[in-house]
Amino acid sequence: MKLDFSTVNWEEVSTATTDTLTMMLFSVLFTFIIGLPLGVLLYLTGKSNGAAAKPVYAVVSFIVNILRSVPFVILMIAIIPLTRIIIGTSIGVEGTIPPLVIAAAPFFARLVETSLREVDRGVIEAAQAMGASTWQIVRKVLLPEAMPGLIAGTTITAVTLVTYTAMSGMIGGGGLGDLAIRYGYHRYEFEVMIVSIVVMVLLVQVLQWIGDALVRKFTRK
């Protein structure tokens, strides 16, 4: 099969790339805003021996596990009514962001919880001995000490969201996934599909490079 990339509409590729970046960036932002405190809550209630903490951890953990276990395509379709209530539409860039956040926030919360659990217990005990409150320990000890793990978790989440944006093209979500499906699959324009794949691969590589650079910067020697 002979490929002819001169037939590719590069303006549409550029627009689709911009849409993918928009969906990914806004989704990462809202995922971080929701997932970070959720992960901190999981960590604090999970390690606490208090009678009230255990039911909270059980409920939150159960909800997080349910959302993580639902495949993104199914989740995206299942919450279409909710997406319409929140955004006013369930298609396009705007309509894709809510399901992306709902799918990624629980995933990121677990990564946050894991990163916090890896913080040296001695550092936490030293802060407690100095009379630091729980909030002070979280803000001044846990989060700074877990920063490399949090950055790595954010990078993993961002890369995952890139693949999710591609899947959103199945129901008109826009972006490179939508472009690949409409032209590469339905119209058999394989050149468009190849270009879409290459752009997404490059995007993932750039995200991983940025994440690795930040992790190295915040890792204490």
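Residues numbered from 1 in each chain as written. Predicted model: local features only at pLDDT ≥ 70, side-chain atom pairs only at ≥ 80, totals over all residues. Heavy atoms only, no water.

A. Up close: the environment of Leu176. Of note, Leu176 is situated in helix α9 (residues 175–185). Counting along the chain gives 164 residues from Leu176 to Glu12, while the straight-line C-alpha distance between them is 9.3 Å. (Helix = DSSP H or I, 4+ residues; strand = E, 2+ residues; numbered from the N terminus.)

B. Broad picture of the pattern of salt bridges. Evaluated as defined, the whole model comprises four salt bridges. For Glu113, the salt bridge goes to Arg110, with nearest N and O atoms at 2.7 Å. With Glu113 and Arg110 both in helix α5 (residues 92–117) and three residues apart, this pair spans about one turn of that helix. No difference in accessibility class separates Glu113 from Arg110, as the two residues are buried. The partner of Asp178 in a salt bridge is Arg182, and the shortest N-O contact between them spans 2.8 Å. Within this pair, Asp178 and its partner Arg182 are both found in helix α9, separated by four residues, close to a single helical turn. Looking at Arg182, the relative accessible area reads 33%, which means it is partly exposed. In this structure, a network of salt bridges that share partners links the residues Arg110, Glu113 and Arg117. (Salt bridge = Lys/Arg side-chain N within 4 Å of Asp/Glu carboxyl O. Buried < 20%, exposed > 50% of the residue type's maximum accessible area, 1.4 Å probe, protein only.)

C. Local environment of the nonpolar core. Met24, Leu161 and Leu207 are the most contacted members of the largest nonpolar core, which totals 17 residues. Of all hydrophobic cores here, the second largest spans 16 residues; its members include Phe108, Leu116, Val119 and Leu142. (Core = buried A, V, L, I, M, F, W, Y, C linked by side-chain atoms within 4.5 Å.)

D. Region of interest: the packing of helix α2 (residues 53–69) against α5. Between α2 and α5, the shortest axis-to-axis distance is 8 Å and the interhelical angle comes to 125°. Accordingly, the angle class assigned to the pair α2 and α5 is oblique. The way α2 lies across α5 gives a crossing that is left-handed. On α5, the residues that touch Tyr57, Ser61, Val64, Asn65, Leu67 and Arg68 of α2 are Ile102, Pro106, Phe107, Arg110, Glu113 and Arg117. The residue makeup of the contact of α2 with α5, split by class, is six nonpolar, two polar and four charged. (Axes fitted to C-alpha atoms, helices over the stretch in contact; angles between N-to-C directions. Parallel < 35°, antiparallel > 145°, perpendicular 65-115°, else oblique. Left-handed = near helix turned anticlockwise from the far one by under 90°. Contact = heavy atoms within 4.5 Å. Nonpolar A, V, L, I, M, F, W, Y, C, P; charged D, E, K, R; others polar.)

E. Structural detail: the side chain of Thr31. Tracing the backbone shows Thr31 in helix α1 (residues 10–47). Looking at Thr31, the relative accessible area reads 1%, which means it is buried.

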